[in-house]
Amino acid sequence: EDQVTQSPEALRLQEGESSSLNCSYTVSGLRGLFWYRQDPGKGPEFLFTLYSAGEEKEKERLKATLTKKESFLHITAPKPEDSATYLCAVQSLSSGSARQLTFGSGTQLTVLP
Amino acid sequence: EAGVTQSPTHLIKTRGQQATLRCSPISGHTSVYWYQQALGLGLQFLLWYDEGEERNRGNFPPRFSGRQFPNYSSELNVNALLLGDSALYLCASSRQGARTEAFFGQGTRLTVV
């Protein structure tokens, strides 16, 4: 069974204080790893997809990296508007042609001004 | 380009009733996914439709069902509502193919009283 564990559950940063969020996964073959941002009461907003170990993607203050066991979302010099819950999800090869995502519980990030 | 749209935004039903939730995918997307996000819990996969057919379902009882129409829009039906069905129901859509991202709508908040 596919499993995704995110840590920490919650993170409070001062504006400008860089940090990283962790996503550990267990799958029988990784098709893709996805990062989303979710604001309270809203649907998740797509950020990145990573497909193979060593791959990196960047968007503004965010950078996602992938190894064979985990992914990191690095946040550089965060701003209060970066406050949200960040979700990690995997799409597994073991589900055959099925393309649904298995999500972690998320990291709730708060950036204080 | 319009994103994934869901209706209604909020829905209040009485225990035992039926609820119908609707989703319109992004133009050009043929796959629709439904997820449940109960308070304090992660996103749980419900159903996947592609080209009008149900392709896979998550670990939910048959009370949860749906369909996809020829224009690729989709409907989720929840019968015999229980208090525990109260949650944010999220719809996502994607293109065909293995390496495709799923984009989410804003969700329908279902409250069962």
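Before any of the text, the structure's been laid out above.
These figures come from a predicted structure and were not determined experimentally. (Residues numbered from 1 in each chain as written. Chains lettered and ligands numbered in written order. Predicted model: local features only at pLDDT ≥ 70, side-chain atom pairs only at ≥ 80, totals over all residues. Heavy atoms only, no water.)

**Looking at the environment of Trp34(B)**
All names here are of chain B. Along the chain, Trp-34 turns up in strand β4 (residues 31-37). Considering only alpha carbons, one finds Trp-34 and Phe-60, 26 residues apart in sequence, at a separation of 12 Å. Polar side-chain contacts of Trp-34 include one of 3.0 Å to the side chain of Ser-74. (Helix = DSSP H or I, 4+ residues; strand = E, 2+ residues; numbered from the N terminus. Polar contact = N/O pair within 3.5 Å; in protein donor to acceptor, adjacent residues only side chain to side chain.)

**Some details on the interface of chain B and chain A**
Every contact between the two is made by 24 residues of chain B and, on the other side, 19 residues of chain A. Taken together, the two surfaces of chain B and chain A that pack against each other cover about 1,800 Å², and 54% of this comes from carbon and sulfur. The interface formed by chain B and chain A holds eight residue pairs in polar contact (both at pLDDT 80 or more) in total. Broken down by secondary-structure element, the contributors of at least two residues to the side of chain B that touches chain A are β4, β5 (43-50), β9 (87-94) and β10 (103-104) of chain B. Partitioning the side of chain B that touches chain A into residue classes produces eleven nonpolar, nine polar and four charged. (Contact = heavy atoms within 4.5 Å. Buried area = accessible area lost by both parts, 1.4 Å probe. Nonpolar A, V, L, I, M, F, W, Y, C, P; charged D, E, K, R; others polar.)

**Let's talk about the pairing of strand β11 (residues 107-112) of chain A**
Residues and elements named next belong to chain A. Residues Thr-107, Leu-109 and Val-111 line the buried face of β11, whereas the alternating positions Gln-108, Thr-110 and Leu-112 sit on a face that is not buried. Judged from the five bridges that link them, strand β2 (residues 10-14) and β11 form a sheet pairing that is parallel. Within the sheet, the bridge partner assigned to Arg-12 lies in β11 and is Thr-110. By the bridge criterion, three bridges tie strand β9 (residues 84-92) to β11 in an arrangement that is antiparallel. (Buried < 20%, exposed > 50% of the residue type's maximum accessible area, 1.4 Å probe, protein only. Pairing = 2+ DSSP bridges.)

**Remarks on the packing of aromatic side chains**
Counting across every chain of the model gives ten aromatic pairs over all chains. Ring geometry for Phe103(A) against Phe104(B): centres 6.1 Å apart, planes inclined by 70°, an arrangement best described as edge-to-face. Note that Phe103(A) is positioned in strand β10 (residues 102-103) and Phe104(B) in strand β10, a pairing that runs across two chains. According to the relative accessible area criterion, Phe103(A) is buried, its value standing at 9%. What links up through ring pairs into an aromatic cluster is the set Tyr36(A), Phe46(A), Phe103(A), Tyr35(B), Phe45(B), Phe103(B) and Phe104(B). (Phe/Tyr/Trp six-rings, centres within 6.5 Å; stacked < 30°, edge-to-face > 60°.)

**Re the pattern of salt bridges**
Two side chains bearing opposite charge may form a pair once their charged atoms approach each other closely. All names here are of chain B. Across all of its chains, the model carries eight salt bridges over all chains by this definition. Close ionic contact of Glu-54 with Arg-57 constitutes a salt bridge, the shortest N to O distance being 4.0 Å. A relative accessible area of 28% means that Arg-57 is categorised as partly exposed. In this structure, the salt-bridge partner of Glu-75 is Arg-67, at a minimum N-O distance of 3.2 Å. Linked by salt bridges that have partners in common, Arg-22, Arg-67 and Glu-75 make up one network. (Salt bridge = Lys/Arg side-chain N within 4 Å of Asp/Glu carboxyl O.)

**Description of the nonpolar core**
In terms of nonpolar packing, the biggest core is built from 24 residues, with Tyr25(A), Leu33(A), Trp35(A), Leu73(A) and Tyr86(A) touching the most fellow members. Of all the secondary structure elements, the ones that give two or more residues to this core are β2, β3 (19-26), β4 (30-38), β5 (45-50), β7 (62-66), β8 (70-75), β9 and β11 of chain A. The element contributing the most residues to this core is β9(A), with four residues. If we ignore the near neighbours within four places in the chain, the residues touching Tyr25(A) are Gln3(A), Val4(A), Leu30(A), Leu33(A), Leu66(A), Thr67(A), Lys68(A), Lys69(A), Glu70(A) and Val90(A). Among the nonpolar cores identified, the runner-up in size contains 22 residues, and Leu21(B), Cys23(B), Leu81(B) and Val112(B) belong to it. (Core = buried A, V, L, I, M, F, W, Y, C linked by side-chain atoms within 4.5 Å.)

**Here's the deal with the environment of Arg99(A)**
For Arg99(A), the location among the structural elements is in the loop between β9 and β10. Placed 67 residues apart in sequence, Arg99(A) and Gly32(A) show a C-alpha to C-alpha distance of 9.8 Å. There is a polar contact of 3.4 Å between the side chain of Arg99(A) and the side chain of Tyr33(B).

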